[in-house]
Amino acid sequence: MGDVVAPRRPRQGHQSRPRPLPPTVARAIERAVGDRTEGPILRNMRDGRMDRHAATRRLRHLAAAAGIRMPRMLRHTFVTTMLDAGVSLRDVQIAARHADSRTTMRYDRARNNLDRHPNYIPASYMTSGT
């Protein structure tokens, strides 16, 4: 697999949209698949396809072992990490599948940070000499 894998994932209305996978996820999938060329990526104890219920149970088990509350905490971490990294609110809204940007804004811990205030951004740009 290359650096970015874009599997197609079915969505509402039977549409699909490619979703890029980070390289670490692609490597994890490569490890899960191993030398197999066919069959499911995730297998259950009987080497059959792991359904979404079994995958959720497994994820809950791993999260509990790591002390993570599920599943809202993972979603919150995903959204706040992207916002803290400087990803635009619109891009985070799309990734989180929020219909309204106000929902995404609730996750933005730094929204009161003056460095990100609309008045400070042009002033910072103008004083930087660029």
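Above this text you will find the structure in question.
Residues numbered from 1 in each chain as written. Predicted model: local features only at pLDDT ≥ 70, side-chain atom pairs only at ≥ 80, totals over all residues. Heavy atoms only, no water.

A.B. asks: Please give an account of the overall build of the protein chain that cites residues and values.
C.D. replies: Scanning the protein chain for helices and strands turns up six helices and two strands. When its helices and strands are written in sequence order, the protein chain yields β-β-α-α-α-α-α-α. In the protein chain, once contacts between residues fewer than 6 apart in sequence are set aside, the share between residues at least 24 apart is 21%. Approximately 10700 Å² of the protein chain is accessible, and the part contributed by carbon and sulfur atoms is 55%. (Helix = DSSP H or I, 4+ residues; strand = E, 2+ residues; numbered from the N terminus. Contact = heavy atoms within 4.5 Å. Areas by Shrake-Rupley, 256 points an atom, 1.4 Å probe, with all protein chains shown as cover.)

A.B. asks: So what about the pattern of salt bridges? Which residues, and what values?
C.D. replies: Overall, the coordinates contain two salt bridges when judged by the stated rule. A salt bridge links aspartate 47 to arginine 43; its shortest N-O distance comes to 3.8 Å. The exposure class of aspartate 47 is exposed, given its relative accessible area of 52%. The class for arginine 43 is partly exposed, based on a relative accessible area of 36%. (Salt bridge = Lys/Arg side-chain N within 4 Å of Asp/Glu carboxyl O. Buried < 20%, exposed > 50% of the residue type's maximum accessible area, 1.4 Å probe, protein only.)

A.B. asks: Can you tell me about the environment of alanine 55, naming the residues and giving the values?
C.D. replies: Following the sequence through the fold, alanine 55 ends up in helix α2 (residues 52-66). Here alanine 55 falls in the partly exposed class, since its relative accessible area comes to 27%. Considered as a pair, alanine 55 and arginine 43 are 12 residues apart in the sequence and their alpha carbons are 9.4 Å apart.

A.B. asks: Please set out a nonpolar patch on the surface residue by residue, giving values where relevant.
C.D. replies: Taken together, Leu59, Ile68, Met73 and Leu74 make up a surface patch of nonpolar side chains, about 290 Å² in accessible area. Structurally, leucine 59 can be placed in helix α2. Its relative accessible area of 41% is what places leucine 59 among the partly exposed residues. (Patch = residues over 30% accessible without salt bridge, like charges linked within 9 Å, V, L, I, M, F, W, Y side chains within 5 Å.)

A.B. asks: With reference to specific residues and values, describe the nonpolar core.
C.D. replies: One finds Val79, Met82, Leu83, Val92, Ala96 and Tyr107 forming the largest nonpolar core, which totals six residues. Contributing elements (two or more residues each) for this core: α3 (72-84) and α4 (89-96). Looking at this core element by element, the count peaks at three residues for α3. (Core = buried A, V, L, I, M, F, W, Y, C linked by side-chain atoms within 4.5 Å.)

A.B. asks: Hey, could you go over unusual backbone geometry for me, with residue numbers and the actual values?
C.D. replies: As a rule of thumb, non-glycine residues mostly have phi less than zero, and peptide bonds are mostly trans rather than cis. Phi is positive for aspartate 47, which is not a glycine, with a value near 65 degrees. On the secondary structure map, aspartate 47 appears in the loop between α1 (23-33) and α2. Despite not being glycine, arginine 97 has its phi angle at roughly 60 degrees, a positive value. Inspection of the secondary structure assignment puts arginine 97 in the loop between α4 and α5 (101-105). Residue class for arginine 97 comes out partly exposed when judged on its relative accessible area of 45%.

A.B. asks: How would you sum up the side chain of threonine 104? Please name residues and give values.
C.D. replies: With respect to the secondary-structure elements, threonine 104 resides in helix α5. Judged by its relative accessible area of 0%, threonine 104 falls in the buried class. Apart from residues no more than four positions distant in its own chain, threonine 104 is found in contact with Val79, Leu83, Leu89, Val92, Gln93 and His98.

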